[in-house]
Amino acid sequence: MRPVKRGEVPVDSQGQAKQYREYANARKDLISRLGEYCSYCEMELDASLAVEHIQPKKYHEDLELAWENFLLACTNCNSTKGDEDPALEDILWPHLDNTFRAFAYGEEGRVKPAEGLSSELKRKAEAMIALTGLAVTPDRQTASDRRWLNRQEAWREAVAAKEDLLESDTPAMRRQIIRTARAKGYWSIWMTIFHDDIDMLTRLIQQENFAGTAQGCFDASAEPIARPGGQI
Ligand SMILES: [Zn+2]
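Quantities reported herein were computed from a predicted structural model and do not represent experimental measurements.

Student: Before we go on, may I ask you to explain the overall build of the chain in this structure?
Tutor: Broken down by element type, the chain carries 7 helices and 4 strands. Listed N to C, the secondary structure of the chain is α-β-β-α-β-β-α-α-α-α-α in terms of helices and strands. For the chain, the C-alpha radius of gyration of 17 Å lies close to 17 Å, the compact-globule estimate for 232 residues. Projected onto its principal axes, the C-alpha coordinates of the chain cover approximately 55 × 45 × 35 Å. Within the chain, residue pairs in contact and separated by at least 24 positions form 65% of the contacts whose partners lie at least 6 positions apart. Looking at the chain as shown, the accessible area adds up to about 11,500 Å², and 48% of this sits on carbon and sulfur atoms. Across the chain, the mean location of the 30 positive side-chain charges is 2 Å away from that of the 38 negative side-chain charges.

So, in structure tokens, the structure goes:
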């Protein structure tokens, strides 16, 4: 899961911190900070991307309009999460932790806790998977839930892109692959497939390619590192 940083609350034309009258008004600002991706499943969505309340407004009325309580979510992640109200520290979160270290992605489109996590972190990674339904597979998939299928497709696309690169390794091809990754979404899958190519990893992490990726989660060699202040 892409670790994200949405930054400070945006300012208005007078340079004042924006106060949203309705949470839906934050959507545009969130998209400009984080790109058009679900913060949980990483699906690319140019429509039907909702302002997601990390802590549900049902139980945290004071956070209904709070910038720091917002992410972006697709319909499936949003509706699975619903009004679940877990304690922040019981789960690994893309805006607090280096979630790229917490999950593993496979060819078959599944999301699992990464190998080698402590039992506590594994439990917290599993809690995120359960919260958003990221482990939904064909046998438990509703017709509207295409996350699993889309992940599989992104995997195949990334593998094909890597083969193309092997055949013709040019800066133009590398730029083209990044454009494809941006259009397809599923950032973690591209990071997984290109794990041994520092140049591609660096491009995938860059702000101008994937806005909102938390820079502090990677070292100069694009290796994922513990997030300052995070659980992983
Ligand atoms: Zn989603």
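Picking up where we left off.
Student: Sorry, what's going on with the environment of E126 here?
Tutor: Mapped onto the elements, E126 comes out in helix α3 (residues 119-132). According to the relative accessible area criterion, E126 is partly exposed, its value standing at 38%.

Student: What exactly am I supposed to notice about the coordination of the zinc ion here?
Tutor: Ideal donor angles around a metal are set by the shape: a four-donor tetrahedron calls for 109.5 degrees, a six-donor octahedron for 90 or 180 degrees. The zinc ion binds to the protein through C38 (SG), C41 (SG), C74 (SG) and C77 (SG), with metal-donor distances spanning 2.2 to 2.4 Å. Around the zinc ion, the 4 donor atoms sit at angles spanning 105 to 118 degrees, and that spread fits a shape best called tetrahedral. Sequence positions of the donors to the zinc ion reduce to the motif C-x2-C-x32-C-x2-C. On the criterion of sequence distance, the pair formed by C38 in the loop between α1 (27-34) and β1 (50-53) and C74 in the loop between β2 (70-73) and α2 (75-81) is long-range, its members being 36 residues apart.

Student: In this structure, what is going on with the pairing of β2? I would like to understand it.
Tutor: Regular strands show a simple pattern: their side chains alternate between the two faces of the sheet. Alternating positions in β2 separate into two faces, F70 and L72 on one and L71 and A73 on the other, with burial throughout. Relative to β2, β1 runs antiparallel, the two sharing 4 bridges. Across the sheet, H53 pairs through a bridge with F70, a residue of β2.

Student: Can you walk me through the environment of L72 in this structure?
Tutor: Counting through the fold element by element, L72 comes out in strand β2. For L72, a relative accessible area of 0% gives the class buried. A sequence separation of 45 residues divides L72 from R27, and the C-alpha atoms of the two residues are 7.7 Å apart. Not counting chain neighbours up to four residues away, the residues in contact with L72 comprise R27, L30, I31, L34, G35, Y37, C38, S39, L49, A50 and E52.

Student: Just to check I follow, could you spell out the pattern of salt bridges for this structure?
Tutor: When their charged atoms lie close together, side chains carrying opposite charge are able to pair. In this structure the tally under the stated criterion is 12 salt bridges. We note a salt bridge from K58 to D83, for which the minimum N-O separation is 3.9 Å. On the criterion of sequence distance, the pair formed by K58 in the loop between β1 and β2 and D83 in the loop between α2 and β3 (103-105) is long-range, its members being 25 residues apart.

Student: Please explain the environment of M191 as it appears in this structure.
Tutor: Relative to the helices and strands, M191 is located in helix α6 (residues 187-193). You can call M191 buried: its relative accessible area is 2%. The spacing of M191 and R174 is 17 residues in sequence and 14 Å in space, taken between C-alpha atoms. Setting aside its immediate chain neighbours within four residues, M191 contacts F100, L201, L204, I205 and F218.

What counts and how
Residues numbered from 1 in each chain as written. Predicted model: local features only at pLDDT ≥ 70, side-chain atom pairs only at ≥ 80, totals over all residues. Heavy atoms only, no water. Helix = DSSP H or I, 4+ residues; strand = E, 2+ residues; numbered from the N terminus. Rg over C-alpha atoms; globule rule 2.2 N^0.38 Å. Contact = heavy atoms within 4.5 Å. Areas by Shrake-Rupley, 256 points an atom, 1.4 Å probe, with all protein chains shown as cover. Lys, Arg positive; Asp, Glu negative; His and termini not counted. Charge placed at Lys NZ, Arg CZ, Asp CG, Glu CD. Buried < 20%, exposed > 50% of the residue type's maximum accessible area, 1.4 Å probe, protein only. Donors = N, O, S within 2.8 Å, 3.2 Å for Na, K, Ca; no water. Tetrahedral: all angles 85-135°; square planar, octahedral: opposite > 155°, others 65-115°. Pairing = 2+ DSSP bridges. Salt bridge = Lys/Arg side-chain N within 4 Å of Asp/Glu carboxyl O.

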